[in-house]
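Summary of structural features
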Amino acid sequence: MTEGQPPTAGPAKLDTSVAHNARVWNYWIGGKDHYEVDQRVGEHVAGMFPVIRAVARADREFLARAVRFLTGERGIRQFLDVGTGLPTVDNVHEIAQRIAPESRIVYVDNDPIVLVHARSLLTSSPEGVTDYVDADVHDPDGIVQRAGETLDLSRPVAVMMLGILNFVLDTGEARDIVRRVMSAVPSGSHFVLTHPTYDGDVGGGGNIAAMEFWNANATPPITARSRAEIGGFLDGLDLVEPGLVPCSQWRAESASAAPVPQFGAVAVKR
């Protein structure tokens, strides 16, 4: 899909009475696409767990570094971004197409407010393509089928799941989602992941109480996982250096980057 075509989905229905992750995350990173309830819940969570704003920024900066690495150093020209979130500065297609204008990107989300803003994600370069798929991460087969209408699934794809598997509360189901999507793409494809942790050595202890508050006052429900559990999503894939690390430290420009309780990794399918 190129600029000017509508997103491939029906009418969106927004619920502005309950805080929603996409809008609260947008608030934390300094965006404008949120409501009073999102600000209120976001401020309360930040009061309980002050590092959350740094986590939000670090996750976004990790995305940029990972896309530049995959496009510039690994020659990836196709991206499947599952759990896109609200458009912001330097979306995947903008980063990738600056390096390789022919890059093709499919964004996937099922949040009505993301759908409302999806046209901002469809401003592809003339040589490339962007598309938006309204689908749920719990339906990996449907995602693959729809993505295959835009991407050539016989060629390597970068599958991006940044801050999305934490909304799949069952770890076994989350692993199955990754397995099913990655089984549909060929060797040379990459998997890009970020995920919150409660591991104390990277400052994640406060995530437990903050997520309890979140699950009682916002949607969708969320969970954190240990490094070992998050590493399980990468089974069968070859980790790219420096491996599974706090996302703020993955190929960071500064060697002194502080850790955040959000792991990040890039891995390649053999």
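See the structure shown above.
Residues numbered from 1 in each chain as written. Predicted model: local features only at pLDDT ≥ 70, side-chain atom pairs only at ≥ 80, totals over all residues. Heavy atoms only, no water.

Another aspect to go through is the pattern of salt bridges. Overall, the coordinates contain 9 salt bridges when judged by the stated rule. One salt bridge connects Arg 180 with Asp 176, and the closest N-O pair in it is separated by 2.9 Å. A residue pair is termed a helical-turn pair when its members lie 3 or 4 positions apart in one helix, as Arg 180 and Asp 176 do in helix H7 (residues 171-183) at 4 residues. The structure contains a network of salt bridges with shared partners spanning Asp 141, Asp 176, Arg 179 and Arg 180. (Salt bridge = Lys/Arg side-chain N within 4 Å of Asp/Glu carboxyl O. Helix = DSSP H or I, 4+ residues; strand = E, 2+ residues; numbered from the N terminus.)

Right, let's talk about the side chain of Arg 23 for a bit. Along the polypeptide, Arg 23 turns up in helix H1 (residues 21-28). A relative accessible area of 2% places Arg 23 in the buried class. One polar contact links Arg 23 to Asp 38, side chain to side chain, over a distance of 2.6 Å. Setting aside anything within four residues of it in sequence, one finds Arg 23 in contact with Asp 15, Thr 16, Val 18, Asp 33, His 34, Tyr 35, Val 37, Asp 38, Leu 86 and Ile 113. (Buried < 20%, exposed > 50% of the residue type's maximum accessible area, 1.4 Å probe, protein only. Polar contact = N/O pair within 3.5 Å; in protein donor to acceptor, adjacent residues only side chain to side chain. Contact = heavy atoms within 4.5 Å.)

Once that is clear, we can look at the side chain of Asp 199. Its place among the elements puts Asp 199 in the loop between strand E6 (190-196) and helix H8 (207-217). Although Asp 199 is buried, it forms no salt bridge, and the closest oppositely charged side chain is Arg 227 at an N-O distance of 6.5 Å. (Lys, Arg positive; Asp, Glu negative; His and termini not counted.)

Attention shifts here to the pairing of strand E10 (residues 262-268). The buried count for E10 comes to 7 of 7 residues, which makes it a mostly enclosed element. In E10, alternate side chains face the same way, and those of Gln 262, Gly 264, Val 266 and Val 268 on one face and Phe 263, Ala 265 and Ala 267 on the other are all buried. With 7 bridges joining them, E6 and E10 adopt antiparallel strand pairing. Note on E10: the bridge partner recorded for Phe 191 is Ala 267. For strand E8 (residues 238-239) and E10, the ladder comprises 2 bridges, and the chain directions are antiparallel. By the bridge assignment for E10, Leu 239 is matched with Ala 267. Pairing geometry for strand E9 (residues 245-246) and E10, over 2 bridges, is antiparallel. Bridging across to E10, Pro 246 finds its partner in Phe 263. (Pairing = 2+ DSSP bridges.)

So, on to the environment of Val 245. Take Val 245: it is sitting in strand E9. Sequence separation between Val 245 and Ala 218 is 27 residues, and the spatial gap between their C-alpha atoms is 28 Å. In this structure, Val 245 is in contact with Trp 250, Gln 262, Phe 263 and Gly 264, ignoring residues within four places of it in sequence.

Bringing the environment of Asp 131 into the picture now. Tracing the chain through its elements places Asp 131 in strand E4 (residues 129-134). Sequence separation between Asp 131 and Arg 104 is 27 residues; the distance between their C-alpha atoms is 8.3 Å.

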